[in-house]
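Commentary on secondary and tertiary structure
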Amino acid sequence: AGLSLEEAAERSGWPLEALRDPEKQPRVIQDPAAFLSFVCFGDHSKAQMCVLRGGVRALGLAESAPGALLEACRRRRCAVEAALEAVGEEAG
């Protein structure tokens, strides 16, 4: 089961109002080829977002993602905090 909007707002740090706004809803897909097509050829003029569910695994990046980043994502509720923590750990 996925996160509720409230849980997603809390974990991501995004305002709940932005997550509820129909104009700002991400496109959630399962197909890596469709995701890569969006990234490479999509219209990004309005900051549209596309989420590839299970993307790290689907793109074959599970083994190449930095361990510090993956561990920080497991410990943190906010993606930004996780990324900052991982960068700090890698920098030493």
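Digging into the overall build of the protein
- The secondary structure content of the protein amounts to six helices and two strands.
- Overall, the protein shows an N-to-C arrangement of helices and strands of α-α-β-α-β-α-α-α.
- Taken across its 92 residues, the protein has 17% of its residues classed as buried.
- Taking the intrachain contacts of the protein between residues at least 6 apart in sequence as the baseline, contacts between residues at least 24 apart amount to 24%.
- Accessible surface computed for the protein: about 6900 Å², of which carbon and sulfur atoms make up 57%.
- Positive and negative charge centroids in the protein, built from 11 and 14 side chains respectively, lie 3 Å apart.

Some words on the nonpolar core
- By size, the foremost hydrophobic cluster in this structure holds five residues: I29, F35, F38, C50 and L52.
- Put simply, the parts of the chain that give this core at least two residues each are α3 (32-41) and β2 (50-52).
- Ignoring anything within four residues of it in the chain, the contact list for F38 reads R27, H44, Q48, M49 and C50.

Here's the deal with the pattern of salt bridges
- Under the defined criterion, the tally for this structure stands at one salt bridge.
- Taking the shortest distance from any N to any O, the salt bridge between E6 and R20 comes out at 2.7 Å. Taken together, the positions of E6 in helix α1 (residues 5-12) and R20 in helix α2 (residues 16-20) put the pair 14 residues apart, joining distant regions of the chain.

A closer look at the state of the cysteines
- All told, the structure shown has zero disulfides when counted by the stated rule.
- With no disulfide partner, C40 has as its closest neighbouring cysteine sulfur the one in C50, 11 Å distant.
- Using a relative accessible area of 55% as the deciding quantity, one classes C40 as exposed.

Description of the confidence of the model for the protein
- Taken residue by residue, the protein gives an average pLDDT of 81. The fraction at 70 or more is 92%.
- Put simply, helix α6 (residues 79-91) is where the protein has its lowest mean pLDDT, 72, and α3 is where it has its highest, 93.

Points about a nonpolar patch on the surface
- The grouping of W14, V28, M49 and V51 at the surface amounts to a nonpolar patch, some 340 Å² of accessible area in total.
- On the secondary structure map, M49 appears in the loop between α3 and β2.
- Judged by relative accessible area, M49 falls into the partly exposed class, the value being 39%.

Procedures and definitions
- Residues numbered from 1 in each chain as written.
- Predicted model: local features only at pLDDT ≥ 70, side-chain atom pairs only at ≥ 80, totals over all residues.
- Heavy atoms only, no water.
- Helix = DSSP H or I, 4+ residues; strand = E, 2+ residues; numbered from the N terminus.
- Buried < 20%, exposed > 50% of the residue type's maximum accessible area, 1.4 Å probe, protein only.
- Contact = heavy atoms within 4.5 Å.
- Areas by Shrake-Rupley, 256 points an atom, 1.4 Å probe, with all protein chains shown as cover.
- Lys, Arg positive; Asp, Glu negative; His and termini not counted.
- Charge placed at Lys NZ, Arg CZ, Asp CG, Glu CD.
- Core = buried A, V, L, I, M, F, W, Y, C linked by side-chain atoms within 4.5 Å.
- Salt bridge = Lys/Arg side-chain N within 4 Å of Asp/Glu carboxyl O.
- Disulfide = S-S within 2.5 Å.
- pLDDT = per-residue confidence, 0-100.
- Patch = residues over 30% accessible without salt bridge, like charges linked within 9 Å, V, L, I, M, F, W, Y side chains within 5 Å.

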